[in-house]
Amino acid sequence: MTLYRDTGVVLRVQKLGEADRIITLLTQKHGKVRAVAKGVRRTTSRFGARVEPFAHVDAQFYTGRTLDIITQVQTLDAFGAGIVGDYQRYTAGCAVLETADRLSAEEGEPVLRLYLLVAGALRALAGGERDASLVLDAFLLRAMSFAGWAPAVTECARCNEPGPHRSFNVPAGGSVCPRCRPPGSATPAPETLDLLEALMHGDWPTADAAPTPARREGSGLVAALLQWHLERQLRSLPLVERRR
């Protein structure tokens, strides 16, 4: 029997049989892990409430032939308690979990940076000290950077000419100079590009001071970039409530 232990964030759950669930976690050392939690849908389950989405747990696994088996769970952070009671934070948190699930396609492949990004984003959402939309956009930008899709904001995405540039093109990868500007490029406000730059580098005083139109426009650009690279729409992203 092979046992291993790891910390992870629960991304999603699926029913299995009459009383079991398949739990998908993003773990610190083993990347994405899909494991069976036996009997967790019964009212007498010892750890059913500990393996719900948004939970940050320390779990022990038994290696199975197809799916691993969760044998022990200890809660490290109950992020859900601070997220599910607020619709804006909840929808933003769902978008964080779905993005992490999509970006960690290979099971068992370590993705430490993505795991830390997810845990940090959920901690910020649960704390409620920052605007949930800004937390989500910061996470999405940094997650795209992890995946190798970091958008160009202060330089041209095609020729690397220093900016700032007024045009922005999603298929091109971000800001573009007048010489490289493809037809149909957007022209975001300078404040919007300043906000994206601040979110990418953790400049929260600048991000918090961004006006509402810049936040709204920036969220649209971030969502368009992510879905362009994923080549599909996130189900949770259109449900995110955007408010100041």
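Quantities reported herein were computed from a predicted structural model and do not represent experimental measurements. (Residues numbered from 1 in each chain as written. Predicted model: local features only at pLDDT ≥ 70, side-chain atom pairs only at ≥ 80, totals over all residues. Heavy atoms only, no water.)

Caption draft 1: Representation of the sheet that holds strand E1 (residues 3-16). Read around the closed barrel, the five strands follow the order E1-E2-E3-E5-E4; overall the barrel is mixed. Strand after strand, the sheet turns through a mean of 45° between neighbouring axes, direction not considered. The sheet contact formed by strand E4 (residues 55-62) and strand E5 (residues 68-78) spans eight bridges and is antiparallel. Note on E5: the bridge partner recorded for Phe61 is Ile70. Running over the sheet, helix H2 (residues 87-103) touches E1, strand E2 (20-27) and strand E3 (31-37) and is turned about 110° from E1. Contacting E1, E2, E4 and E5, helix H3 (residues 112-127) crosses the sheet at an angle of about 65° to E1. (Pairing = 2+ DSSP bridges. Helix = DSSP H or I, 4+ residues; strand = E, 2+ residues; numbered from the N terminus. Axes fitted to C-alpha atoms, helices over the stretch in contact; angles between N-to-C directions. Contact = heavy atoms within 4.5 Å.)

Caption draft 2: Up close: the environment of Ile22. Residue position: Ile22 is located in strand E2. The contact partners of Ile22, leaving out residues within four places of it in the chain, are Arg12, Val13, Gln14, Leu16, Arg34, Ala35, Val36 and Leu67.

Caption draft 3: Main features of the packing of H2 against helix H4 (residues 132-146). Put simply, H2 and H4 touch, their axes get as near as 9 Å, and they point 10° apart. As far as their axial angle goes, H4 and H2 are roughly parallel. The segment H2 lies against H4, with Gln88, Arg89, Ala92, Ala95, Val96, Thr99 and Leu103 engaging Ala132, Ser133, Leu136, Phe139, Leu140 and Ala143. (Parallel < 35°, antiparallel > 145°, perpendicular 65-115°, else oblique.)

Caption draft 4: Looking closely at the environment of Leu230. Inspection of the secondary structure puts Leu230 in helix H7 (residues 212-230). On the basis of relative accessibility, which here comes to 15%, the residue Leu230 falls in the buried class. Each C-alpha atom, one on Leu230 and one on Arg181, is 23 Å from the other, the two residues being 49 residues apart in sequence. If we ignore the near neighbours within four places in the chain, the residues touching Leu230 are Arg102, Leu103 and Trp149. (Buried < 20%, exposed > 50% of the residue type's maximum accessible area, 1.4 Å probe, protein only.)

Caption draft 5: Summary view of the side chain of Ser219. Inspection of the secondary structure assignment puts Ser219 in helix H7. Setting aside residues up to four positions removed in sequence, Ser219 forms contacts with Asp137 and Arg242.

Caption draft 6: Representation of the nonpolar core. Membership of the largest hydrophobic core comes to 51 residues, with the highest contact counts inside it found for Val118, Leu122 and Phe139. Counting only elements with at least two residues in this core, the list comes to E1, H2, H3, H4, helix H5 (190-201), helix H6 (204-208) and H7. Residue contributions to this core peak at ten residues, all from H4. The contact partners of Phe139, leaving out residues within four places of it in the chain, are Val96, Thr99, Leu114, Leu117, Val118 and Ala121. Counting 16 residues, the second-largest nonpolar core is a separate cluster that includes Val10, Ile23, Ala37 and Val73. (Core = buried A, V, L, I, M, F, W, Y, C linked by side-chain atoms within 4.5 Å.)

Caption draft 7: Up close: H3. Taking 1.5 Å per residue, 16 residues should reach 22 Å; H3 reaches 22 Å between its end C-alpha atoms and fits that length. Where H3 is concerned, the buried positions are Leu114, Tyr115, Leu117, Val118, Ala119, Ala121, Leu122 and Leu125. Considering only its buried residues, H3 is in contact with E1, E2, E4, helix H1 (80-83), H2 and H4. Of the residues trailing H3, Gly128 is marked for its positive phi of about 70°. (Expected span 1.5 Å × (residues − 1).)

Caption draft 8: Quick peek at H7. In this model H7 runs 27 Å from its N-terminal to its C-terminal C-alpha over 19 residues, within 8% of the 27 Å that 1.5 Å per residue would give. Taken as a whole, H7 has its buried residues at Ala214, Arg215, Gly218, Ser219, Leu221, Val222, Ala223, Leu225, Leu226 and Leu230. Its buried side turned inward, H7 meets H2, H4, strand E6 (167-169), H5 and H6. Where H7 ends, the next residue or the one after it, Glu231, has phi of about 60°, a positive value.

Caption draft 9: Geometry of the layout of surface pockets. Approximately 350 Å³ is the volume found for the largest pocket. Residue lining of the largest pocket: Leu11, Arg12, Pro53, Phe54, Tyr90, Cys94, Leu97, Glu98, Asp101, Arg102, Arg235 and Ser236, and that is the complete set. Of all the secondary structure elements, the ones that give two or more residues to the lining of the largest pocket are E1 and H2. Per-element accounting of the lining of the largest pocket gives the leading share, six residues, to H2. In terms of residue class, the lining of the largest pocket is built from six nonpolar, one polar and five charged. (1 Å grid on protein atoms, 1.4 Å probe; cavity = no way out; pocket = protein on both sides within 12 Å on 5 of 7 lines; lining within 4 Å. Points joined across faces, edges and corners; volume = space filled by probe spheres on them. Nonpolar A, V, L, I, M, F, W, Y, C, P; charged D, E, K, R; others polar.)

Scope: geometric values only; no functional claims are made or implied.
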